[in-house]
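# Observations on the model geometry
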Amino acid sequence: MPEYRKPLPVISALNRPFWEGAKKHELRFQRCNRCSKFWYPHGPVCPYCWSREYEWAKVSGRAKVTSWVVFHQRYFEGFKDEMPYSVAQVELAEGPRFLANLVGVKNEDIYIGMPVEVVFDDVTPEVTLPKFRPA
Amino acid sequence: MASFDIKDKVAIVGVGHTKFGRSIDRHALDLIAEAMQNALDDCGLRKEDLDGLCSNFGWPASYDVDAMAETLGLNLNWYGQTWTHGRFCASVIQWASFVVHFGLANYVACVIGQGAGPRMVGGAGDIEGRRETGGGHGESPHYGMTSPGAGAALAARRYFHRYGATPEQLAAVPIAFRKHASLNPNAIMRAPITREDYLNSRFVCEPLRLYDYCLVNDGGTCVIVTSADRAKHLKKPPVYIAGMQGIRTGRQEFIFGLPGLGVMQQEEFAYAPKPEQLKIYQTSGLGPKDIGALYTYDAFSFLAWVALERFAFCGPGEAPSFTQGGQIELGGELPMNTNGGLMSEAHMSGWNHQIEIVRQLRGECGERQVKGLEVAMWANAYGDALIYRR
């Protein structure tokens, strides 16, 4: 496996269950046990009702693209072979919006409302990045 | 709401800056010292008079305020500093206003300087941009998501989609600001640009192009704030702060967008501000029709549209048409960023705009003077604002 050159996520006490889930190819977000809402960014309490009672629940992985950008400027050396690359804001069927790379679609074919589904990219032995492909 | 007790009781009395340039091989503190001296000379104060210091631009790109005071030989009764972001320009003026109004200090110098050294533009070398979520513009470096401009691009894409706005319409913003810069001897970029230049310019982070982006440059600025009582005895006519409104944040906000745009966790709706969301007009007793010139943090052209709609200069989705036909140019209905803005004069985090407002209200702007200007406004995409009057 060639050396992975892109930045890696910073794993913290707040987001560890998310990244542990990704490694098992499960997309997990926090869901409030009191008001049943899913939320993002990962946090210590439900941002809607401030309950501390929540679970890291597996979500369907179904989403739609709600915005996207295409990087023509190279900021990270590790992305040099993929220029220009896209980053999309996807809205999960369960509600939260999340930024990630799209795979299996040309930049010019991306559109707002495009249905996508999660795929898992095992980028290093320790880290798996959830990404999205056309569904 | 209760009356706004400090209306017209605080003023800007002195402004100063250095030469602005793409790369000035001088230390940030050297540029700050020069700007401070120029601001002191502008109002006839001495460094011994300064007893407050405030900045929104310290580590990692520049010098922290306490170290600045020690090195420059200032004895302060108060200092303050936000973390390093341009967005806090008006917040610093508001803070300084409260400090002089409530007597914690008499004269507060608000300063920034960017010299040779690290910059905050995204990517691996940007310690701030490497932050996840807390970076504030949607930074997710592991997906290659970095730089403030990418956040603005994400919001602009949603706006284009919702209202059917076009890049041809957005071009009017950088073209207007460049036209103003051509009349400003301090501006870094003074050659006029055309719609064709704009449309032919390369994408940086699509849908935003090179000409949608502000400059990255060096320079120093200083603005001196004091009470209206003290202001009356200084060299030049005071410029009073007639109203203010704070910077907003939360799940319904995205730094480069309007509420309701559907960026990050925002709900989706067409935002038309309610009176209570426009404290700036309630506190000042003034409204959009009273504003003779408008200034905004134009880090990206799209932010001018956001500011116009957020502060009710036009309705939801109307900013693209509002900015056409020279309406935001000198001589138009609402001249914006008559200095050339961050896009064409210099990126001094909005401080160059505050300096321009003061000079415009004093009538010092020569060829680019807005005739008979009485009231000018600083209004930001992020929801903070100041109204200044002569």
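Residues numbered from 1 in each chain as written. Chains lettered and ligands numbered in written order. Predicted model: local features only at pLDDT ≥ 70, side-chain atom pairs only at ≥ 80, totals over all residues. Heavy atoms only, no water.

All names here are of chain B. Here helix α4 (residues 148–163) spans 23 Å end to end across 16 residues, near enough to the 22 Å set by a 1.5 Å rise per residue. Among the 16 residues of α4, twelve are classified as buried, and the element is accordingly described as predominantly covered. When we look at burial in α4, the residues that qualify are Gly 149, Ala 150, Gly 151, Ala 152, Ala 153, Leu 154, Ala 155, Ala 156, Arg 157, Arg 158, Tyr 159 and Phe 160. (Helix = DSSP H or I, 4+ residues; strand = E, 2+ residues; numbered from the N terminus. Expected span 1.5 Å × (residues − 1). Buried < 20%, exposed > 50% of the residue type's maximum accessible area, 1.4 Å probe, protein only.)

Residues and elements named next belong to chain B. Where helix α1 (residues 28–43) contacts helix α2 (residues 65–72), the two axes come as close as 11 Å, and the packing angle between them is 70°. Relative to α2, the element α1 lies roughly perpendicular. Where α1 approaches α2, its residues Leu 29, Ile 32, Ala 33 and Met 36 are matched on the opposing element by Met 68, Thr 71 and Leu 72. Considering only residue class, the contact of α1 with α2 consists of six nonpolar, one polar and no charged. (Axes fitted to C-alpha atoms, helices over the stretch in contact; angles between N-to-C directions. Parallel < 35°, antiparallel > 145°, perpendicular 65-115°, else oblique. Contact = heavy atoms within 4.5 Å. Nonpolar A, V, L, I, M, F, W, Y, C, P; charged D, E, K, R; others polar.)

Before going further, it helps to examine the sheet that holds strand β3 (residues 54–58) of chain A. Within a sheet, neighbouring strands are paired by backbone hydrogen bonds and run either parallel or antiparallel to one another. Residues and elements named next belong to chain A. Strand order in the open sheet formed by three strands is β2-β1-β3, and the pairing between neighbours is antiparallel. Looking at strand neighbours, the two that pair on one side only are β2 (38–39) and β3, the edges of this open sheet. Pairing geometry for strand β1 (residues 28–32) and β3, over five bridges, is antiparallel. Bridge pairing links Cys 32 to Tyr 54 in β3. Here helix α1 (residues 16–23) sits on the sheet in contact with β1 and β3, set at roughly 135° to β1. (Pairing = 2+ DSSP bridges.)

What follows is about the pattern of salt bridges. Tallying each qualifying case throughout the model produces 28 salt bridges over all chains. The shortest N-O distance in the salt bridge between A:Lys6 and A:Glu82 comes to 2.6 Å. Of the two residues, A:Lys6 sits in the segment before α1 while A:Glu82 sits in the loop between β4 (62–71) and β5 (85–92), which places them 76 residues apart along the sequence. The class of A:Glu82 is partly exposed, set by a relative accessible area of 39%. Of the charged contacts, one joins B:Glu253 and B:Arg310 as a salt bridge, the two residues approaching to 2.5 Å between their closest N and O atoms. (Salt bridge = Lys/Arg side-chain N within 4 Å of Asp/Glu carboxyl O.)

Cis geometry is adopted by the peptide bond preceding A:Pro84, which originates at A:Met83 and carries an omega value of -15°. If you trace the backbone, A:Pro84 turns up in the loop between β4 and β5. Across the junction of B:Glu206 and B:Pro207, the peptide omega takes the value 15°, indicating a cis bond. Mapped onto the secondary structure, B:Pro207 falls in the loop between β5 (203–206) and β6 (208–209). The residue B:Met264 is not glycine, and still its phi comes out positive at about 50°. Summarising the element assignment, B:Met264 is placed in the loop between β8 (239–245) and α9 (279–284). Positive phi is not limited to glycine here, since B:Ser349 has a value of about 55°. Inspection of the secondary structure puts B:Ser349 in the loop between α12 (341–344) and α13 (351–362).

This part takes up empty space enclosed by the protein. All names here are of chain B. Counted by the stated rule, this structure contains one cavity of 30 Å³ or more. In this structure, the largest cavity is lined by His 17, Phe 20, Asn 184, Asn 186, Glu 345, Asn 352, Ile 355, Glu 356, Arg 359 and Arg 368. Sorting elements by how many residues they give to the lining of the largest cavity places α13 first, with four residues. Its residues assigned to classes, the lining of the largest cavity comprises two nonpolar, four polar and four charged. (1 Å grid on protein atoms, 1.4 Å probe; cavity = no way out; pocket = protein on both sides within 12 Å on 5 of 7 lines; lining within 4 Å. Points joined across faces, edges and corners; volume = space filled by probe spheres on them.)

None of this, on its own, says anything about what the molecule does.
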